[in-house]
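# Results of the structural survey
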Amino acid sequence: MAERDGPNVYSIAAHRGFADALVAGLIPRYREPDFGLARLTLLLPSQRTVRTVTEAFVRLSGEGLLLPRMAVVGDLDLDETLGPLLDPLGAGAEIPPAADPVRRWLRLAEILKIVESGEARDGASLLRQAYDAGRAMDRLLVEGITPDDLMSEHVVGIVGDLADHWRGSTTTFLKVQAYWLAELAARGEVDAPARRNQLFDHAARRWKDSPPDHAIVAAGVTSASPALAKLLRTISELARGAVILPDLDLSLDEDVWDSLGTAGKPEQVDDPPFAPADAVTHPQYHLKLLLNRMGIARGEVQPWHRAGISAARPERSTAISNLFLPPAGSARWVDLPAAKRRLSGVRLMECAHPGEEASAIAILIRQALEQPERRIALVTPDRGLAGRVAALLRRWDIEADDTAGQPLSQTSAGRVVLLLAEVIAENAAPVPLIALLTHPLVRFGEERAAWLEKARKLDLALRGPRPGPGLGPLRHKAAQAQLSDWWGDVEAILAPLLALAEDAPLAGMLDQLAQAGEALCGERLWAEADGRALSAQIEELREAAREAGTMLNPRELHAALRDTMDRVSVRPPWGGHPRVAIYGLLEARMSRA
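Below, the discussion takes up the sheet that holds strand 3 (residues 69-72). Reading across from one edge, 3-2-4-5-1-6 is the order of the six strands in this open sheet, with parallel pairing throughout. A single partner strand is all that each edge strand has here, and the edge strands are strand 3 and strand 6 (302-303). Of the strand pairs in this sheet, strand 2 (residues 41-44) and strand 4 (residues 216-219) are connected by three bridges, and their pairing is parallel. Within strand 4, the position partnered with L42 by the bridge is V217. Contacting strand 1 (9-12), strand 2, strand 4 and strand 5 (241-246), helix 1 (residues 18-30) crosses the sheet at an angle of about 165° to strand 5. Packing of helix 10 (residues 226-236) onto the sheet brings it into contact with strand 1, strand 2, strand 4 and strand 5, and relative to strand 5 it is tilted by some 125°.

Below, the discussion takes up the sheet that holds strand 8 (residues 401-402). Two strands in a sheet stick together by hydrogen bonds in their backbones, pointing the same way (parallel) or opposite ways (antiparallel). Ordered in space as 7-13-8, the three strands form an open sheet in which the pairing is parallel. In the strand order of this sheet, the two ends are held by strand 7 (376-379) and strand 8, each with one partner. With two bridges joining them, strand 8 and strand 13 (residues 580-583) adopt parallel strand pairing. Across the sheet, the residue bridging to D401 is A581, located in strand 13.

Before going further, it helps to spend a moment on the side chain of R542. As for its placement among the helices and strands, R542 is situated in helix 22 (residues 529-548). Not counting the four nearest positions on each side in its chain, R542 is found in contact with A507, L510 and D511.

Turning to helix 12 (residues 285-294), a few remarks are in order. Counting buried residues in helix 12 gives seven out of 10 residues, a clear majority hidden from the surface. Restricting attention to buried positions, one finds in helix 12 the residues Y285, L287, K288, L289, L290, L291 and M294. On its buried face, helix 12 is in contact with strand 1, helix 10, strand 5 and helix 11 (254-259). Phi for G295, located one or two positions after helix 12, is positive at around 75°.

Time to look at the pattern of salt bridges. Taken as a whole, this structure holds 28 salt bridges when the rule is applied. The residue E143 makes a salt bridge to R293 at a minimum N-O spacing of 2.9 Å. Residue E143 is located in helix 5 (residues 123-143), and its partner R293 is located in helix 12; the two are separated by 150 residues in the primary sequence. Overall, the relative accessible area of 27% leaves E143 in the partly exposed class. Among the residues examined, R293 registers a relative accessible area of 25% and is labelled partly exposed. Between R542 and E539 there is a salt bridge, with its nearest N and O atoms 2.3 Å apart. Of this pair, R542 and E539 both sit in helix 22, three residues apart, roughly one helical turn. You can call R542 buried: its relative accessible area is 16%. Linked through salt bridges whose partners overlap, the residues forming this network are R103, R107, E183, R187, E189 and E547.

A few words now on the environment of L433. Mapped onto the fold, L433 is located in helix 17 (residues 430-437). With relative accessibility at 0%, the residue L433 sits in the buried group. Measuring from C-alpha to C-alpha, the distance between L433 and P407 comes to 22 Å, with 26 residues separating the pair along the chain. Apart from residues lying up to four places away in sequence, L433 is in contact with V423, L474, W487 and L494.

Below, the discussion takes up unusual backbone geometry. Positive phi is not limited to glycine here, since N427 has a value of about 55°. The residue N427 is located in the loop between helix 16 (412-425) and helix 17 in this model. Backbone geometry at A428 places phi at a positive 60°, although glycine is not the residue there. Within the secondary structure, A428 sits in the loop between helix 16 and helix 17.

Conventions we followed
Residues numbered from 1 in each chain as written. Predicted model: local features only at pLDDT ≥ 70, side-chain atom pairs only at ≥ 80, totals over all residues. Heavy atoms only, no water. Pairing = 2+ DSSP bridges. Helix = DSSP H or I, 4+ residues; strand = E, 2+ residues; numbered from the N terminus. Contact = heavy atoms within 4.5 Å. Axes fitted to C-alpha atoms, helices over the stretch in contact; angles between N-to-C directions. Buried < 20%, exposed > 50% of the residue type's maximum accessible area, 1.4 Å probe, protein only. Salt bridge = Lys/Arg side-chain N within 4 Å of Asp/Glu carboxyl O.

Here is the structure:
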């Protein structure tokens, strides 16, 4: 299929199945003898999408195929493969390196102490505030918003009655940002989003001035950041380039499309880019924003020429499009014929509480698996619901393939370290102590049975009035239960943790936590996927804390570590059940069931 004149922008309708339809079109268009798709560069929005598209290539490649080079461009946390990919000859080496995000987080906490002085928070609360400040900086950088823009009269006028509060909080934020930017300049670094923007700008200029000989395709990218939109525009104008969007509704009436709002393209020069009446929650709004920033009209977008192997009927897309009509267009619902509003095969289920909802979904999934070769997908943005359904499916020995993975804080290895930190925070209270001593990874192996017997004896001895804080009262209880020798080994492991000073170096505390965890669990603590993720997390945090000189009250360590681990997802390397998947909203756009 030859490229047409003008920008090469396409859309794959929702009912066609994005990943399979994408691959079904890429293979005949870009496949070369002996090389397959090895000369193709494919830009995708996230690592999860890379996995989904790779699986589609496996399904459709036949006897085998050299895969294209795939890179992630939609996430803020870009890996360093993006730099060499967009600039393989190193011509952009003048772009400064990105600052370590963990070190930045800890340094922002120290800067907040300086800026807010006596009003500053402390401990885990301060670290949360620093993390939120860092995220705000990232979003501003992605959108190309400068600090001066936040204090402009136009912005202050928008916040109205909150203007004084806005000025106060924004002033604090800008002071923190000024300190941090000065530190970055001294180190010769930039924030990761700033580096990403510079890489995008450099690649756009380079490809425009010297178009590459190989094909470049951006697929599934919906991020509307200005720098990325500029790069996508450049790709769409390449002789062997294309931009493929997921489910841009080309059948939507023009008046409905206009009613979505200005979407970054105001009618007057002095008007704000986003109007109060913009339908920002509509599924098509961010695609309209992306097209506006690319400078491409919806009429220039063409439908993709292939469908997936499990494509649904087109009536499904029409009904969903009508379902999400904005308020002004919803008046036409009464005049829609049955064919344009019917969702055959869709059921509405009302549940009394979340537990009943999860049980009903799990039963439906189990029932559907009775049909051979049938695949089932649960699509939900609610991680609580996803976790409940996955737990219920394990009753039938079904391990759902959850694309989001599991938070590190909820894994076996992560729980060991969190329980150790909780023992510190609670000063060896019986509940976290017994939970730690009976954890499945503790004394894993032949000696576990004897260990558990002694731990249960201690559990019985601790029933009743709570003993005093510290290890001393516990030593007395262990002696009464004739566990002195065994308790001596436990106390030798825990004593250094409970002897930490009021404010101790975070790096040193992490060292002691790792040593205590390994003393209890051995190398088994780091052996599995969650253990390797935990090891990488501790090492990264320890090095950053040592460089930043972070001090923390040991009693706050548990809350700080839990916040950190909640942000890390762990996926088993082998996936889960081949026919049961749990998708988030982004994966659902790309996947099939």
